[in-house]
Amino acid sequence: VNDLLQLSKFDSQEYNLMKKDTDFIEFFNKIIDRFEMTKSHEVTFRRKLPRYPIYVTIDQDKLTQVIDNIISNALKYSPEGGLVSFKVEEHGNTIQVSISDQGMGIPKKSLDRIFERFYRVDRARSRKMGGTGLGLAIAKELITAHGGHIWATSVEGKGTTIFFTLPADLSEEDDWE
């Protein structure tokens, strides 16, 4: 119900973003740490993150919701003993974030639709795994509201990677020269 109410607000462009400057690397690590401490099955986490701050202006609650949805999906579809990888790269004045799993993957014909509201790759998987089909639709709305883009790549039987970009203040390092 909360997801539906949130999407309804997005339809009226009512995002109510409370943005503040945030060290994204520290922010992202804290979210990953929380999942790593509470995950219920044996999945390895691998981080490939810069060891220095990268500042973004974000609504931390909204971005936490996005990342929570993506990591939850990665864990849900990861096999026992699987690997979930986290990566942040700088590209011009943006950062690119990726979260990859080694799950069942998404058929090519469905890949462009996974960010649509209520879209489920297949009904049998929906019943078994649960969920509403709204998590990635909400993620898309929130990333777009932050001036970023979100997309996915996948290979059936090998896994899925969700990518998103955010505008970053990468000029801050230059201020020290």
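Scroll up to find the structure.
Overview of the structure. (Residues numbered from 1 in each chain as written. Predicted model: local features only at pLDDT ≥ 70, side-chain atom pairs only at ≥ 80, totals over all residues. Heavy atoms only, no water.)

**Topic: the overall build of the protein**
This is how the line gets drawn: Only runs of H or I of at least four residues qualify as helices and only runs of E of at least two qualify as strands under DSSP, and these elements are numbered from the N terminus. Using the Shrake-Rupley algorithm and a 1.4 Å probe, accessible areas are obtained, with residue cover drawn only from the displayed protein chains.
Secondary structure summary: the protein contains six helices and seven strands in total. Overall, the protein shows an N-to-C arrangement of helices and strands of α-β-α-β-β-α-β-β-α-α-α-β-β. Accessible surface for the protein amounts to roughly 10,100 Å². Of this, 49% is attributable to carbon and sulfur atoms.

**Regarding helix α6 (residues 135-145)**
Formally: Here the term buried applies to any residue with accessible area under 20% of the maximum for its type, exposed to any over 50%, and partly exposed to those in between, with areas from a 1.4 Å probe on protein chains only.
Turning to α6, its buried residues number three or more, namely Gly135, Leu136, Ala137, Ile138, Ala139, Leu142 and Ile143. Positive backbone phi, approximately 85 degrees, marks Gly147, located one or two places after α6.

**Quick notes on the sheet that holds strand β2 (residues 43-48)**
What counts, and what does not: Here, any two strands with at least 2 DSSP bridges between them count as paired. Axis definition: a line fitted to C-alpha atoms, over the contacting stretch in the case of helices. Angles run 0 to 180 degrees between N-to-C directions. In what follows, a contact means two residues having at least one pair of non-hydrogen atoms within 4.5 Å.
One open sheet accounts for five strands, arranged β2-β4-β5-β7-β6; its pairing is mixed. At either end of the open sheet lies a strand with only one pairing partner, and these are β2 and β6 (150-155). For this sheet the average axis-to-axis angle between neighbouring strands, irrespective of direction, equals 15 degrees. On the sheet, helix α3 (residues 60-77) packs against β2, β4 (82-91), β5 (94-100), β6 and β7 (159-167) and is oriented at approximately 170 degrees with respect to β7.

**Regarding the packing of α3 against α6**
Keep this limit in mind: Note: crossing handedness is left-handed where the near helix turns anticlockwise from the far helix by less than a right angle, and right-handed where it turns clockwise. Residues were grouped as follows: Ala, Val, Leu, Ile, Met, Phe, Trp, Tyr, Cys and Pro as nonpolar; Asp, Glu, Lys and Arg as charged; and all remaining residues, including Gly, as polar.
Their axes nearest at 9 Å, the elements α3 and α6 cross at an angle of 145 degrees. As for how α3 packs across α6, the hand of that crossing is left-handed. Between α3, through Lys62, Leu63, Gln65, Val66, Asn69, Ile70 and Asn73, and α6, the contact on the second element is made entirely by Gly135, Leu136, Ile138, Ala139, Leu142 and Ile143. Here the residues of the contact of α3 with α6 sort into eight nonpolar, four polar and one charged.

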